[in-house]
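Report on the structure
Residues per chain are reported as follows:
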Amino acid sequence: MKKIAVGDKPKNLVLVLTEDLLATFQKVKLVDPYDVYQHLMDYWAETMQDDLYLLVIEGWEAVLDGQPNTDLIPGTLIVRRYYATDQTAIEQFEADRDVITRQMEELDEEHGGEDGLLADAKTDKGKLTKASVKARIEEIADDKDAGDERKLLKDYFALVEKEAAANNKIKEAVKALDAKVAAKYGKLSKDEIKTLVVDDKWMGTLAAVVQSELNRVSQALTGRVKELAERYAVPMPIIVGKVDELTMKVDTHLKEMGFVWK
């Protein structure tokens, strides 16, 4: 795959790949080679075909017409290989933000009902917004009997501001990561491009779909083994002994009733 060059014929490559794949999986007794073949052909129709036609026309280029070649190299591949730490940090920021959001939802569920302390802070559409909460706080600022409501509103308002700050933090981190990714396209060597496309994109996807096929076969086998285990959970000698025991009881009852076997 990494030897693909301008002027090559994509159909010739897929022919070699499918023949090699079928030959390889003929040796795997529990997997139907044509099931794996179908996965390859599905991915070929979905993605690989377009990638190969682009490669045989433009070559291994990460930048085309001054723009990142995201059709061939999606930004997610660059993030995964070069900026995984940045992505992990963003995911942590999102997790922290989600904790704040859940706290707001819990307050709304507990106190946002018709007679709840947050009810009067809702908009006409029944939503708690930064503006509506702030307006209610100002409205009851001098109400000596509204101490509990005022405290709860201020707690909710603080969460609104924390959520907004968290969203801004995420937005800035994503923006910084996008800038790093965009700049990386122009710095990629041919070998790095081939690694991203062949190893990470194509083989990564195909490995995943083949693994899914193996998992399907494994689950089917596990189900069959479980079925057989349940069917033969009682050993045959025990079953035979039980039959003999029941036969003796039947014979005894028959004799008591006056029936004698000859």
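Heads up: the structure comes first, above all this text.
Attention in this report is confined to the structure presented alongside it. The residue count restarts for each chain, going from 1 along the sequence in the order it is written. Side-chain atom pairs in this predicted model are given and counted only at pLDDT of 80 or more, local residue features only at pLDDT of at least 70, and totals for whole chains, interfaces and linings cover all residues. Processing note: side-chain calculations cover all non-hydrogen atoms of the structure and skip hydrogens and water entirely.

Glancing now at the environment of valine 133. Note on conventions: DSSP H or I runs of at least 4 residues are helices, E runs of at least 2 residues are strands, and numbering of each starts at the N terminus. Tracing the backbone shows valine 133 in helix α5 (residues 130-139). Take valine 133: its relative accessible area is 0%, and that puts it in the buried class. Throughout, a residue-residue contact means that at least one pair of heavy atoms, one from each residue, lies within 4.5 Å. Look past the residues within four positions of valine 133 in its chain and what remains in contact with it is Ala121, Leu128, Leu153, Tyr156 and Phe157. A simple rule labels every residue: compare its accessible area, found with a 1.4 Å probe on the protein chains alone, to the largest value its type can have, and call it buried under 20%, exposed over 50%, or partly exposed in between.

By the element assignment, leucine 30 lies in the loop between α1 (10-25) and α2 (33-58). Each C-alpha atom of the pair leucine 30 and valine 217 lies 7.3 Å from the other, and the pair is 187 residues apart in sequence. Those residues in contact with leucine 30 that sit more than four places away from it in its chain are Val217 and Leu221.

The grouping of Glu105, Glu106, Glu109 and Glu110 at the surface amounts to a negative patch. Structurally, the position occupied by glutamate 110 is in helix α4 (residues 84-111). The patches reported here contain residues having more than 30% relative accessible area and no salt bridge. Joining distances are 9 Å for like charges and 5 Å for nonpolar side chains (Val, Leu, Ile, Met, Phe, Trp, Tyr). Only the protein chains shown count as covering a residue, and every accessible area follows the Shrake-Rupley method with a 1.4 Å probe. By definition, a salt bridge exists where a carboxyl oxygen of Asp or Glu is found within 4 Å of a side-chain nitrogen of Lys or Arg. His is not counted here, nor are the chain ends, while Lys and Arg score as positive and Asp and Glu score as negative. Charge positions come from single atoms, namely NZ of Lys, CZ of Arg, CG of Asp or CD of Glu.

With that settled, consider a nonpolar patch on the surface. A surface patch of nonpolar side chains, amounting to about 340 Å² of accessible area, comprises Met236, Ile239, Val240 and Val243. As for its placement among the helices and strands, valine 243 is situated in helix α8 (residues 236-256). What makes valine 243 partly exposed here is its relative accessible area of 45%.

Turning our attention to the packing of aromatic side chains. Two aromatic rings, drawn from Phe, Tyr or Trp (for Trp, its six-membered ring), form a pair once their centres lie within 6.5 Å of each other, and the interplanar angle then sorts them: stacked below 30 degrees, edge-to-face above 60, tilted otherwise. Applying the stated rule across the entire model yields 2 aromatic pairs. Judged by centre distance (6.5 Å) and plane angle (55 degrees), the rings of tyrosine 82 and tyrosine 83 are tilted. When the ring centre of tyrosine 82 is taken as reference, the NZ or CZ atom of lysine 184 above it lies at 4.4 Å. Comment: the charge-over-ring label is applied if NZ (Lys) or CZ (Arg) is within 6 Å of the ring centre and within 35 degrees of the ring normal.

With that settled, consider the nonpolar core. Generally speaking, a soluble globular protein has its nonpolar side chains buried in company with each other. Residues Ile4, Met48, Ile73, Ile78 and Trp202 are the most contacted members of the largest nonpolar core, which totals 38 residues. When contributions to this core are tallied by element, the ones reaching two or more residues are α1, α2, α3 (75-82), α6 (147-185) and α7 (190-231). What isoleucine 4 contacts, discounting residues up to four positions off in sequence, is Leu13, Leu52, Leu55, Val56, Trp60 and Trp202. Core analysis: the second largest hydrophobic core is formed by 17 residues, Ile100, Leu153, Phe157 and Ala166 among them. For our purposes a nonpolar core is just a set of buried Ala, Val, Leu, Ile, Met, Phe, Trp, Tyr and Cys residues, chained together by side-chain atoms within 4.5 Å.

We now examine unusual backbone geometry. Even without glycine at this site, aspartate 65 takes up a positive phi of about 55 degrees. Here aspartate 65 lies in the loop between β1 (63-64) and β2 (67-68).

Another aspect to go through is the packing of α2 against α7. Structural elements are reduced to axes, namely lines fitted to C-alpha atoms, with helices fitted over the stretch in contact, and the angle between N-to-C directions of any two is expressed from 0 to 180 degrees. One can describe the packing of α2 onto α7 by two numbers: an axis separation of 10 Å at closest approach and a directional angle of 170 degrees. Considered as vectors, α2 and α7 are oriented roughly antiparallel to each other. On the side of α2, the interface is formed by Asp35, Val36, His39, Leu40, Tyr43, Thr47, Met48, Asp51, Leu52 and Leu55, while α7 contributes Lys201, Trp202, Thr205, Leu206, Val209, Val210, Ser212, Glu213 and Arg216. Note on residue categories: nonpolar means Ala, Val, Leu, Ile, Met, Phe, Trp, Tyr, Cys or Pro, charged means Asp, Glu, Lys or Arg, and polar means any other residue, Gly included. Across the contact of α2 with α7, the residue classes break down as 10 nonpolar, 4 polar and 5 charged. Should an angle lie under 35 degrees it is considered roughly parallel, over 145 roughly antiparallel, and from 65 to 115 roughly perpendicular; all remaining angles are considered oblique.

Before going further, it helps to examine the pattern of salt bridges. Evaluated as defined, the whole model comprises 14 salt bridges. A salt bridge links arginine 216 to aspartate 35; its shortest N-O distance comes to 3.4 Å. On the criterion of sequence distance, the pair formed by arginine 216 in helix α7 and aspartate 35 in helix α2 is long-range, its members being 181 residues apart. On the basis of relative accessible area, aspartate 35 is assigned to the partly exposed category, the value being 29%. The partner of arginine 216 in a salt bridge is glutamate 213, and the shortest N-O contact between them spans 2.6 Å. Here arginine 216 and its partner glutamate 213 are both found in helix α7, 3 residues apart, which amounts to about one turn of the helix.

Angle between the axes and distance between the axes: these two values describe a pair of packed helices. Packing of α5 against α6 brings their axes to within 10 Å, and their N-to-C directions diverge by 150 degrees. Taken together, α5 and α6 sit at an angle that is classed as roughly antiparallel. Judged by the sense of rotation from one axis to the other, the crossing of α5 with α6 is left-handed. Contact with α5, carried on its side by Lys130, Val133, Lys134, Arg136 and Ile137, involves Glu149, Leu153, Lys154, Tyr156, Phe157, Val160 and Glu161 of α6 and no other residues of that element. For any pair of crossing helices, the crossing counts as left-handed if the nearer helix is rotated counterclockwise from the farther one by less than a right angle, and right-handed if it is rotated clockwise.

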